[in-house]
Amino acid sequence: LTATPEGDRLGRFWALAYELNIRDAQKMGYLRKERIIDCAMPPGETMTQTQLIDHCVNMTEFHLRNRRPLIFTDAIPPGRKIVQGLREAGWTVDMVTGNDSKKARAKAIEGFRSGKTQALVNAAVLTEGTDLPMCDAVVLARACQSKSLYIQIVGRALRPYNDIPDGLVVDLL
């Protein structure tokens, strides 16, 4: 069972027996509708890492103040700066990385799950196998060249939970 069969290497070993695509899963009520907010710079303009971090904090504050976002970065240093910026803006926020102990990662995830933490920043950790249906928004503060990875990230905000009608996706790049 996989949410992204086109990206898995399982096709080398198994034939696809059944497929339920995202649109059909949404129509059947298994997933929320997505609402994408494009906050990218105009074509041809690029951001420095500092500008991207400030932009992430500002857009998260503006669009997601009453949401429970997972924020996706591709590296630990910018993730830590985003955590710092959101804390300065009054958010309760934590971060998980591949370098964390299992205990530290579990504590941070439980803080998000319980509502103690409003937002959870991660550096390439929470893309697959993550069940946090209270997440109702994601922030893409990283490049995403893979369709499968994009589906996995966006999918974090689409699980039905507490009658929230949509999952917000704030795309910064």
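Please refer to the structure higher up on the page.
Residues numbered from 1 in each chain as written. Predicted model: local features only at pLDDT ≥ 70, side-chain atom pairs only at ≥ 80, totals over all residues. Heavy atoms only, no water.

J.: I'd like to hear about the packing of aromatic side chains, residue by residue, with values.
T.: Evaluation of the coordinates by the stated rule reveals 0 aromatic pairs. For the cation-ring pair, Arg-68 lies above Phe-112, with the distance from its terminal atom to the ring centre recorded as 4.5 Å. (Phe/Tyr/Trp six-rings, centres within 6.5 Å; stacked < 30°, edge-to-face > 60°. Lys NZ or Arg CZ within 6 Å of the ring centre and 35° of its normal.)

J.: I'd like a description of the pairing of strand 5 (residues 137-140), backed by residues and values.
T.: Walk down a regular strand and you will see the side chains alternate between the two sheet faces. Every second residue of strand 5 is oriented toward a common face, with Ala-137 and Val-139 on one face and Val-138 and Leu-140 on the other, all of them buried. The pairing of strand 2 (residues 69-73) with strand 5 spans 4 bridges and is classified as parallel. Following the sheet pairing, Pro-69 is matched in strand 5 by Ala-137. Where strand 5 and strand 6 (residues 166-171) come together, 4 bridges link them in parallel fashion. Across the sheet, Ala-137 pairs through a bridge with Leu-168, a residue of strand 6. Once the chain exits strand 5 it traverses helix 5 (residues 147-155) before rejoining the sheet at strand 6, and the crossover so formed is right-handed. (Buried < 20%, exposed > 50% of the residue type's maximum accessible area, 1.4 Å probe, protein only. Helix = DSSP H or I, 4+ residues; strand = E, 2+ residues; numbered from the N terminus. Pairing = 2+ DSSP bridges. Right-handed = clockwise from strand over helix to strand, strands pointing away.)

J.: Describe a nonpolar patch on the surface, naming the residues involved and giving the relevant values.
T.: Taken together, the side chains of Tyr-18, Leu-20, Met-28 and Tyr-30 present a nonpolar region at the surface, about 480 Å² in accessible area. For Tyr-30, a relative accessible area of 51% gives the class exposed. (Patch = residues over 30% accessible without salt bridge, like charges linked within 9 Å, V, L, I, M, F, W, Y side chains within 5 Å. Areas by Shrake-Rupley, 256 points an atom, 1.4 Å probe, with all protein chains shown as cover. Salt bridge = Lys/Arg side-chain N within 4 Å of Asp/Glu carboxyl O.)

J.: So, the environment of Asp-54: which residues are in play, and what are the values?
T.: As for its position among the elements, Asp-54 is in helix 2 (residues 49-64). Spatially, the C-alpha atoms of Asp-54 and Gly-85 are 7.4 Å apart, while their sequence positions differ by 31 residues.

J.: Account for the side chain of Thr-117, with residues named and values stated.
T.: Within the secondary structure layout, Thr-117 lies in the loop between helix 4 (102-114) and strand 4 (119-123). Judged by its relative accessible area of 8%, Thr-117 falls in the buried class. Not counting residues up to four positions away in its chain, the partners in contact with Thr-117 are Arg-68, Thr-92, Val-93, Asp-94, Gly-111 and Phe-112. (Contact = heavy atoms within 4.5 Å.)

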